[in-house]
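Residue strings, one per chain:
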Amino acid sequence: MPLFWLASAISALYFGTLQVAAYDNSRSDNLAVYWGQNSYGATHLSDTANWQHNIGYYCQDDSIDAIPIAFLNVFSGTGGFPSINLANICNTDDDGVFPGTAMPNCTFLQSDIEYCQSRGKIVTISLGGATGAASFTSADQATAFGDTIWNMFLGGNSAIRPFGGAVLDGIDLDIEGGSTVYFDSFINRIRQLASGANKRYYVTAAPQCPYPDAYLGTVLNLVAFDAVYVQFYNNWCGLQNYNNIWAWDFSSWDTWAKTVSVNPNVKIYIGAPASSTAAGSGYVDATTLANIALETRDDYSSFGGVMLWDASQAYANNRYDAQIKNALRIGSGGSSSSSVATVPTGSATTSTRSSTSTSRSSTSTSQSSTSTSRSSTTTARSSSSSGSSTRTSTSGTATRTTSSGTSTRTSSSGTSTRTSSAGTSTRTSSSATSTSRTSTTSTRGSTTTSRSSTSTRASTSSTRTSSTGTTTSRATTTTSRTGTATSTSGSGSGSGTVTSSSSSPTSTGSTGGACSGVSPWRTDVVYVGGDRVSYNGHLWTAKWWSYNDVPGGPAGVWADNGPC
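Residues numbered from 1 in each chain as written. Predicted model: local features only at pLDDT ≥ 70, side-chain atom pairs only at ≥ 80, totals over all residues. Heavy atoms only, no water.

Student: Any chance you could explain the environment of V533 here in plain terms?
Tutor: One can find V533 in strand β21 (residues 532–535). Classification of V533 by relative accessible area gives buried; the value is 1%. Considered as a pair, V533 and C515 are 18 residues apart in the sequence and their alpha carbons are 7.7 Å apart. Discounting chain neighbours no more than four positions away, the residues touching V533 are V518, S519, P520, W521, Y527, H538, L539, W540, P551 and W558. (Helix = DSSP H or I, 4+ residues; strand = E, 2+ residues; numbered from the N terminus. Buried < 20%, exposed > 50% of the residue type's maximum accessible area, 1.4 Å probe, protein only. Contact = heavy atoms within 4.5 Å.)

Below is the structure:
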């Protein structure tokens, strides 16, 4: 083969002159994978070969459909301009900044981003993250910020273009702190500017699974979103509790999509860790996640696909992303029924999408039987949406706690398996009524394995392990990674507000022996896995999230550690 022809063929493939399928948000087999935080590197410091690569590295096949770049973590920094941190790829220490700003110069990524887009993928900028300083003081400020983001990353013009001439495909909100007041003005401004553009722009969000999300719940109801990447991990409603009818709450998000969302065609994704080291809890193997996704797609028309955190973890974990994508192709586009997927544990392969946006060819292994079943008899209960978030990333360590509101979900009755969630979490107190609990807590902090038990509203912090720094709210120590990326740690403390309608909550416990210093169990407190209480002379440890479930009761929430 002449070398010139070979070079031309490679160039054609790389720069997208060969026809590929365009991204189609209406599909139910899309895969979104976050990139930018070198999550694998944060937990595998010595395995530098598998650290995060440039974004184009993850676009060489058709496994991934959408790539949110994480994160724009500072809204208003030096000179009043925002800033991004892309860990080992681009940061203020290694790559310099635009004059008068703290915005790193990542223009070398322009060709990578354009290559990904030429492969039929959308690339967006994710705002916030665990350490994001996110808030607006007025609608005018939020609108002006919309202009800034449009000009820096999307279809506008600015002397400050972090990715050079690359025009991103939209924005993603991963708000885990601060306030989302006026965020509707920000998004509306983006929508307004995009309405006259020559390409489509997308708006997505990544709330935690407890419904409604403490930070994003309000803005989700006010403006139109194209897709919502729900984080089904680091919470009692995570994937590890899929078979627990009181925990798994995709139905709540489906109901929101169809009855509350401004956009009735919004797509809901199952957000999952791409490896056991990507999050504190919620990781399941590829076959399990594939079957959960296929069953959910059959049950809920709002299902849009799967979101993974993050690309580095997925690639290091035997191409977890490709395994999930291949499984999603079963009944491509969302057929009325899907077979159970058996995902190979060997090297994953991906098929090539056809040149039209409405069909994709694929080959997947399937079985005829289903792995889980639920009876048709349904029951309903109200549950408090409280929980915490842990994600392994590289822009710092922080905790988000969700609560605020009461959600009702209808689930199948029958025997369910209650699975204890591993990892650390944040405990949020709630009101004492059995049907309504209001609680809002914000704690940003570090990995914690022990929790304070001197208060009936004690809380702990869950973490994102960081390769750029670890920030602690309970202890103020800070550690740094071996490397050159800049630490972007957030505020080191949080505040909580608890509204309780209880006039006389009950508690029964013991304060002697092994129970010394352990608070007695109370009817008006939300407990999460790892919490310890005393009750009827025994020491008890919570297996998972619970509210008003008595130790030793039929719910099986508490492990009896013996007499005090």
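Once you've had a look at it, read on.
Student: Is there a simple way to explain the sheet that holds β21 in this structure?
Tutor: In a beta sheet, neighbouring strands are held together by backbone hydrogen bonds and run either parallel or antiparallel to one another. In space, the 3 strands of this open sheet follow the order β21-β22-β24, with antiparallel pairing throughout. Each edge of the open sheet carries a strand with a single partner, namely β21 and β24 (558–563). Pairs of neighbouring strands in the sheet enclose a mean axial angle of 30°, with direction left out of account. Here 4 bridges tie strand β22 (residues 538–542) to β24, and the two strands are oriented antiparallel to one another. Directly across from T541, in β24, lies its bridge partner A559. (Pairing = 2+ DSSP bridges. Axes fitted to C-alpha atoms, helices over the stretch in contact; angles between N-to-C directions.)

Student: Teacher, can you tell me more about the pairing of strand β5 (residues 170–175) here?
Tutor: When a strand is regular, its side chains alternate between the sheet's two faces. Extensive coverage of β5 is indicated by the burial of 6 of its 6 residues. Judged by which residues are buried, β5 turns out to be covered on both faces: G170, D172 and D174 on one side and I171, L173 and I175 on the other are all buried. Note that strand β4 (residues 122–129) and β5 share 5 bridges and pair parallel. The residue bridging S126 from the neighbouring strand is D172, located in β5. As judged from the 4 bridges shared by β5 and strand β6 (residues 202–205), these two strands associate in the parallel manner. Paired with D172 across the two strands is T204, which belongs to β6.

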